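Spelled out, the chains give:
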Amino acid sequence: MTVTYTSEVTTSTGLGCFLKLLKRWKGSIYKIVWADLIFFLGLYYTLNLSYLYVMNQSTREYFVKIVNYCAKNATLIPLSFVLGFFVNIVYSRWWSQFTAIPFPDNLALLIGASIKGQDERARIVRRTIVRYVCVTFTLTLTMMSPKVKKRFPTLNHFVDAGLLTKGEMKIIEDLDNEYPNYSKNWLPLAWAANITTRARHEGIIRDDMSVRSILDQINVFRSKCGSLLAYDWISIPLVYTQVVTMAVYSYFLVTVIGNQFIELEEGFLDHLIFSFPFMPVLEFFFYMGWLKVAETLINPFGEDDDDFEVVWMIDRHIQVCYLLVDKIHQDHPKLMKDYYWQQTAPDSLPFTVASQQYMGETVVQSTQNIKVKKTDQDLIIPEGKNHSGHTSKSLWSTLSRALFRRRRHGDNGYYLRRIAIDDNADIFDEINTYEDEGPNKIRIPTYPKKLFNEDVEEFEKLRQQRLEKQREKLLKYIKLLKENKDKSENDMETINEIIK
């Protein structure tokens, strides 16, 4: 069962929001590490006491050399990299397995909306389809979860639980005996699809779109059940799991030797106190805890504290499906005017005394405080932009880039013309009477161009003057090119076109 602590960390005020979680036992690091930690400390003190009371002087000298060697070379094992990468893969796989768990809610809603009628036949069709879907889900879990397998060890237990009838069980068993290698979990979904098409022929389902939607949802459910079986079939490569396990345990085997306290203290109790490996124990908690996290998450359908509640999901799915297609299908509230009928929409919903501190909370956009100067609010439009996307390397393109383009910071190569905003918007008032007088009574007048923009003529004169100056410069360039004796044939054609 998943260990949840979300309610305890909803507010991160105070000293150490996560510190309160350290006192938990179920699903904690202490529960999964304590056995390995006791073995680690037992091995540590066995070597330590052997050095103190069993070894002679010659053996102690060799032991000290081994301790120094292990202490010096323990860091050569790339434990952080190997273990971190492995845990990341396991976590990603763990979350993907959760998202692959199918929920029949959408299918049940669709069946309840598409298959109408309170007669016995329509009710049987609705309930049978969702029952077959839940049978498929349960059969899939019995093939991969020990908890579900213990609850439904045989098909007779499906019959006793009301998920299958004896006739349906016999069909599955006969097919299983004839084709032992097939996956029997897909058979109830095939029955559900056949019932859907039969209901369309009988007129219980009124249109083909509803049939297609139901079949699509059945296929989605089947695909997710297949994904769960694929995760159970294809594991993380064994060699990688072995490498990580060997790296962790070999590292701590070297550590338990390399961190030996080889200085003798007077008194047995003093020696135990001073020789306690405090830092190695913390390191053991972190690295071994990391490995135990991977061991817990690699198969979330087992019996660990943080495994998924698949047994509860079976009961939940069958209850929700029957409620949606049967009880809720026919029991719905009477249509009536809502509480805010007269005011269209409420300004705000009421608050309780406990929540009144949140009354002033609003969304603040990131550009709310950005102010644009009045002089920067004038509109400009691009002119003469070439959208062909082809960059020409001819003489004419070179001259054009050199003479006509005046680049500034942020300019994209457009010829810009300014359009001043007319603050006098009274001329548009008559147009807005459309809503009052109707489309047949209104006549939209035509306005002269200068009423919209008084500065257009001034900018047009400036533009003509600039073009005239550019034309004079261009003629000078052409004259120089004519005098050049090393001009190519392509350049002569370009010059002739310019002259024309």
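This structure is a prediction, so every number in the text was calculated from the model and none was measured.

Trainee: Break down the packing of helix α1 (residues 29-54) against helix α13 (residues 278-297) for me, citing the residues and quoting the values.
Mentor: It is the contact of α1 with α13, at a shortest axis distance of 9 Å, that shows an interaxial angle of 130 degrees. As judged from the angle between their axes, α1 and α13 are oblique. Crossing angle aside, the handedness with which α1 passes α13 is right-handed. Residue-level inspection shows I29, Y30, I32, V33, D36, L37, F40 and L41 of α1 in contact with α13, the latter providing P280, V281, F284, F285, M288, G289, K292 and V293. Its residues assigned to classes, the contact of α1 with α13 comprises 13 nonpolar, one polar and two charged.

Trainee: Go over a nonpolar patch on the surface, please, and point to the residues and values.
Mentor: Side chains of F276, F278, M279, L282 and F286 sit close together on the surface and give an oily, nonpolar patch of about 550 Å² of accessible area. One can find L282 in helix α13.

Trainee: Help me get a handle on the side chain of R316, residues and values and all.
Mentor: Here R316 lies in helix α14 (residues 310-330). The buried category is assigned to R316, whose relative accessible area is 18%. In this structure R316 touches F103, P104 and D105, once residues within four positions along its chain are discounted.

Trainee: An account of the nonpolar core is needed here, citing residue identities and associated values.
Mentor: Proteins that are soluble and globular tend to have nonpolar side chains buried together. Grouped together as the largest cluster of nonpolar side chains are 88 residues, with contacts concentrated most on I111, I115, F252 and F301. With 11 residues, the top contributor of residues to this core is helix α5 (residues 120-142). What I111 contacts, discounting residues up to four positions off in sequence, is R126, I129, V130, I214 and V325.

About the criteria used
- Residues numbered from 1 in each chain as written.
- Predicted model: local features only at pLDDT ≥ 70, side-chain atom pairs only at ≥ 80, totals over all residues.
- Heavy atoms only, no water.
- Axes fitted to C-alpha atoms, helices over the stretch in contact; angles between N-to-C directions.
- Helix = DSSP H or I, 4+ residues; strand = E, 2+ residues; numbered from the N terminus.
- Parallel < 35°, antiparallel > 145°, perpendicular 65-115°, else oblique.
- Left-handed = near helix turned anticlockwise from the far one by under 90°.
- Contact = heavy atoms within 4.5 Å.
- Nonpolar A, V, L, I, M, F, W, Y, C, P; charged D, E, K, R; others polar.
- Patch = residues over 30% accessible without salt bridge, like charges linked within 9 Å, V, L, I, M, F, W, Y side chains within 5 Å.
- Areas by Shrake-Rupley, 256 points an atom, 1.4 Å probe, with all protein chains shown as cover.
- Salt bridge = Lys/Arg side-chain N within 4 Å of Asp/Glu carboxyl O.
- Buried < 20%, exposed > 50% of the residue type's maximum accessible area, 1.4 Å probe, protein only.
- Core = buried A, V, L, I, M, F, W, Y, C linked by side-chain atoms within 4.5 Å.

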